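Structural characterization, general
Here is what each chain is made of, one letter per residue.
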Amino acid sequence: MADPDVDLEARLAEQDSFEPPADFVEQANVTDPDIYDEFETNWPDCWTQAADLLDWDTEYTEILDDSNPPFYEWFADGELNASANCLDRHLDERGDEAAIEWVGEPTDEANRTYTYQELHDEVNAFAAALRAQGVEEDDIVTLYMPMIPELPIAMLACARIGAPHSVVFAGFSADALATRMNSADSEHLVTCDGYYRRGDPLNHFEKATEGLADVDHDTDTIVVNRLPDDDGFDHDLSGHDTYADLVAAHDGEMVDPVSRSAEDMLFLMYTSGTTGQPKGVKHTTGGYLSWASWTSHAVLDIKPEDTYFCAADIGWITGHSYIVYGPLALGTTTMMYEGTPDYPDRHRLWEIIEEYEANQLYTAPTAIRSFMKWGTEYPDANDLSSLRLLGTVGEPINPRAWKWYYKHIGDESCPIVDTWWQTETGGMMLTTLPAIGEMKPGSAGPPLPGVSADIVDVRGSPVGAGEAGYLVVNKPWPGMLRTLYNNDDRFINEYWREYSQVDSNDSADWVYFPEDGAKLDEDGYFTVLGRVDDVLNVSGHRLGTMEIESAIVGVEGVAEAAVVGGDHEIKGEAVYAYVITEDGYEEDEELRERVIEGVEDAIGPIARPEKVVFTPELPKTRSGKIMRRLLENIANDDELGDTSTLRNPEIVDDIQTAAGGDD
Ligand code: ATP
Ligand code: MG
């Protein structure tokens, strides 16, 4: 007899496009397919639709100033304040509604709810405190904090007084903190004593202190007490103020939000910069906030009455745009979770979604592949029926993981938005609109309305459908970075020189290059293949590592895979595959054969892996991206270089052993 579940799996496996679910479409924020034509015809005026989501102190009169490319300005003569847009304007209607729902990692600790009124009041008190500490408009304040409510509070307090923030991911080292504070000439730091990771308190203050020792100018520091007094750490806070004391001292004070010019800096965000000096990406008040708000509205379908859950860290751009600024500007309830999805057990994330009845879940493919590896029993045991939309960001998502997410988390009733964007773009660029057009697993989709992207060859000529090339963006957009901090030359060299006529003053001659490879299909959908430096050259054929990885993770029993190039006498480079098996599968010859077959079937014999190494984990950066360079060094027996940005440095030995033992 037919097993309905097996039928369903088989049907899903064959299906390569999905219509937006009808119930979703009925209630969606954006439903009219004409929006693509409308934005193209009315470009750049179409972007008033984004700016109109905000309250302006002074209305702008000019939308785009493109007289000095690539230094574009958006809504430049308008004035506004980001914290007023995220807080004050919601107080009348939503003052008693939750702005932030915070869930700490320890299950026996009380969760915290901040209503819009409470958040507003604490932001004001802390803004007053920052001023009293001597923070002035345009001073850059560094925030080195984990996922605790004081982080978004500090961000909004900075925004309120016109002091740009520079958030340094808490998992980064003391060194990374010092480099960023030096680069930004930042004299003010807000940090904390510690936080929890998998049940253990971490000593964060020690790391911060170590970093401060390498800062080349005077600084002052405010410390948030996240841990209980008996945390076992012997912190010497003398000479530092604590957050709690400051907020108590300024309780009840109101700080008028400073009217900022649209082009004034809202924040700096350093990208991880796996090579060389980190890049200080500059985002502005008007353009960035419009972009974060518009994409939250159009792509994440956020409504004020929603409870919205982005499982990223605020230390990344995803958390800036889609935990803090976008959702709060729209007046919704945004969730924050301090811990990992599998602490104390693999039910945790799903329990949080059930408890808070979250309506959206936005997370990364690497997390989805972990959920897949753990199995369906965890999501199945929890009620996820509140979910209306699912999203992914950070890496390409392979079709098998997409379908798993669609079926087991979304119950086939939630659209999935696979959103391609970067720190530099400020917000989403390529994705389907969730109620318009079909979804194709593995492909992000078309550019957003009003975004102009293409795929070109090395000379900059567009390539045809089906061919791989370089992703480019042909027109400016409001959320774009304005420059790299204090380094206009590097800004031009990194992102524009490749495909622009750099001596031209005509905006049409300027093309933004995100350094990603991609492929286009007949319907204008983009499949992002990954960074251009992750392309292998096997016997003269250029192969995207992402494409081969996608083929491998499509093989039953494989949870995750990373592909790198190993030196090869004849081929130049050979494909080395590192493979993690799904729970319940053996690391055996049979699976190794199926991996090789899977690649040959999907791409061709040219891509046949020379070596398949089973490993329990892959080396990941703190943001969850595979560190392919390190695997390449292992494959080629090279020096390993800097492993300090790894989340799991202890895994390196294991992988070396596994790789060595496979000959
Ligand atoms: P750095 O530039 O500092 O070395 P990074 O590029 O990993 O680090 P992010 O800005 O967080 O830092 O990531 C952007 C990159 O992530 C994109 O350029 C792209 O390679 C990848 N990416 C993001 N979203 C997607 C997606 N939906 N599909 C495919 N790739 C994606
Ligand atoms: Mg990048």
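The name an unreviewed UniProt entry assigns to the protein is Acetate--CoA ligase, from the organism Halonotius aquaticus. Of the protein, the UniProt comment under Sequence similarities (unreviewed entry) reads exactly: "Belongs to the ATP-dependent AMP-binding enzyme family."

Below, the discussion takes up the state of the cysteines. Applying the stated criterion across every chain yields a total of zero disulfides. With no disulfide of its own, Cys-158 has Cys-86 as its nearest cysteine by sulfur position, at a separation of 13 Å.

On to the pairing of strand 17 (residues 333-337). The element strand 17 is extensively covered by neighbouring structure, given that five of its five residues are classed as buried. On strand 17, burial covers both faces: Thr-333, Met-335 and Tyr-337 on one face and Thr-334 and Met-336 on the other are all buried. Chirality of the crossover, the property in question, places the unit of strand 16 (residues 307-310), helix 13 (residues 317-329) and strand 17 among those that are right-handed.

This part is about the environment of Ser-17. Within the element layout of this structure, Ser-17 appears in the loop between helix 1 (4-14) and helix 2 (22-27). Measuring from C-alpha to C-alpha, the distance between Ser-17 and Met-439 comes to 5.5 Å, with 422 residues separating the pair along the chain. Not counting the four nearest positions on each side in its chain, Ser-17 is found in contact with Glu-438, Met-439, Lys-440 and Pro-441.

The next point concerns the packing of helix 8 (residues 150-161) against helix 13. The interhelical angle for the contact between helix 8 and helix 13, taken along N-to-C directions, is 55 degrees, at an axis separation of 12 Å. Overall, the two elements helix 8 and helix 13 adopt an arrangement that is oblique. Helix 13 is crossed by helix 8, and the crossing has right-handed handedness. Contact with helix 8, carried on its side by Pro-152, Met-155, Leu-156 and Ala-159, involves His-320, Val-324, Tyr-325 and Leu-328 of helix 13 and no other residues of that element. Split by residue class, the contact of helix 8 with helix 13 holds seven nonpolar, one polar and no charged.

Before going further, it helps to spend a moment on the environment of Thr-271. Within the secondary structure, Thr-271 is located in the loop between strand 14 (265-270) and strand 15 (280-284). Judged by relative accessible area, which is 9%, Thr-271 ranks as buried. Between the C-alpha atoms of Thr-271 and Ala-213, which are 58 residues apart in sequence, the distance is 23 Å. Here Thr-271 is in contact with Arg-180, Pro-278, Lys-279, Val-281, Thr-423 and Glu-424, once residues within four sequence places are set aside.

Opposite charge on two side chains makes pairing possible when the charged atoms of those side chains draw close. Summed over the entire model, instances satisfying the criterion amount to 30 salt bridges. Between Glu-137 and Arg-260 there is a salt bridge, and its shortest N-O distance comes to 2.9 Å. Placement of the pair is Glu-137 in the loop between helix 7 (116-132) and strand 6 (141-143) and Arg-260 in strand 13 (residues 260-261), with a sequence separation of 123 residues. Since its relative accessible area comes to 2%, Arg-260 is described here as buried. Between Arg-482 and Glu-263 there is a salt bridge, with the nearest N and O atoms lying 3.0 Å from each other. Here Arg-482 is found in the loop between strand 22 (468-473) and helix 18 (488-495), whereas its partner Glu-263 is found in the loop between strand 13 and strand 14, with 219 residues between them in sequence. Under the relative-accessibility criterion, Arg-482 is labelled buried at 6%.

Let us look at the UniProt feature "domain: AMP-binding enzyme C-terminal" (unreviewed entry) in the protein. UniProt's feature table lists "domain: AMP-binding enzyme C-terminal" (unreviewed entry) at residues 547-625, given in the numbering used throughout. Secondary structure across residues 547-625 comprises 27% helix and 32% strand; the distance between its end C-alpha atoms is 16 Å.

Here the focus is a negative patch on the surface. A surface patch of like charges, here negative, comprises Asp-345, Glu-351, Glu-354, Glu-355, Glu-357 and Asp-383. Mapped onto the elements of the fold, Asp-345 is located in the loop between strand 17 and helix 14 (348-356).

The next point concerns the packing of aromatic side chains. Taken as a whole and assessed by the stated rule, the structure comprises 33 aromatic pairs. Consider the rings of Phe-267 and Tyr-325, whose centres lie 6.3 Å apart with planes at 5 degrees: the pair is stacked. In this pair, Phe-267 is assigned in strand 14 and Tyr-325 in helix 13, connecting sequence segments 58 residues apart. A connected cluster of aromatic rings, assembled from ring pairs, spans Phe-71, Tyr-72, Trp-477, Phe-491, Tyr-495, Trp-496, Trp-510 and Tyr-512. Note that Lys-440 overlies the ring of Tyr-525, its terminal NZ or CZ placed 4.5 Å from the centroid.

A word on the pairing of strand 4 (residues 98-103). Among the six residues in strand 4, six count as buried, and that is most of the element. Two strands pair when backbone bridges link them, and strand 4 and strand 5 (residues 112-115) are joined in this way by four bridges, in the antiparallel orientation. Bridge pairing in strand 5 places Trp-102 opposite Arg-112. As paired strands, strand 4 and strand 17 are joined by four bridges and run parallel to one another. Within strand 17, the position partnered with Trp-102 by the bridge is Met-336.

Parameters at a glance
Residues numbered from 1 in each chain as written. Chains lettered and ligands numbered in written order. Predicted model: local features only at pLDDT ≥ 70, side-chain atom pairs only at ≥ 80, totals over all residues. Heavy atoms only, no water. UniProt positions renumbered as here; feature names shortened; annotations may be inferred. Disulfide = S-S within 2.5 Å. Buried < 20%, exposed > 50% of the residue type's maximum accessible area, 1.4 Å probe, protein only. Helix = DSSP H or I, 4+ residues; strand = E, 2+ residues; numbered from the N terminus. Right-handed = clockwise from strand over helix to strand, strands pointing away. Contact = heavy atoms within 4.5 Å. Axes fitted to C-alpha atoms, helices over the stretch in contact; angles between N-to-C directions. Parallel < 35°, antiparallel > 145°, perpendicular 65-115°, else oblique. Left-handed = near helix turned anticlockwise from the far one by under 90°. Nonpolar A, V, L, I, M, F, W, Y, C, P; charged D, E, K, R; others polar. Salt bridge = Lys/Arg side-chain N within 4 Å of Asp/Glu carboxyl O. Patch = residues over 30% accessible without salt bridge, like charges linked within 9 Å, V, L, I, M, F, W, Y side chains within 5 Å. Areas by Shrake-Rupley, 256 points an atom, 1.4 Å probe, with all protein chains shown as cover. Lys, Arg positive; Asp, Glu negative; His and termini not counted. Charge placed at Lys NZ, Arg CZ, Asp CG, Glu CD. Phe/Tyr/Trp six-rings, centres within 6.5 Å; stacked < 30°, edge-to-face > 60°. Lys NZ or Arg CZ within 6 Å of the ring centre and 35° of its normal. Pairing = 2+ DSSP bridges.

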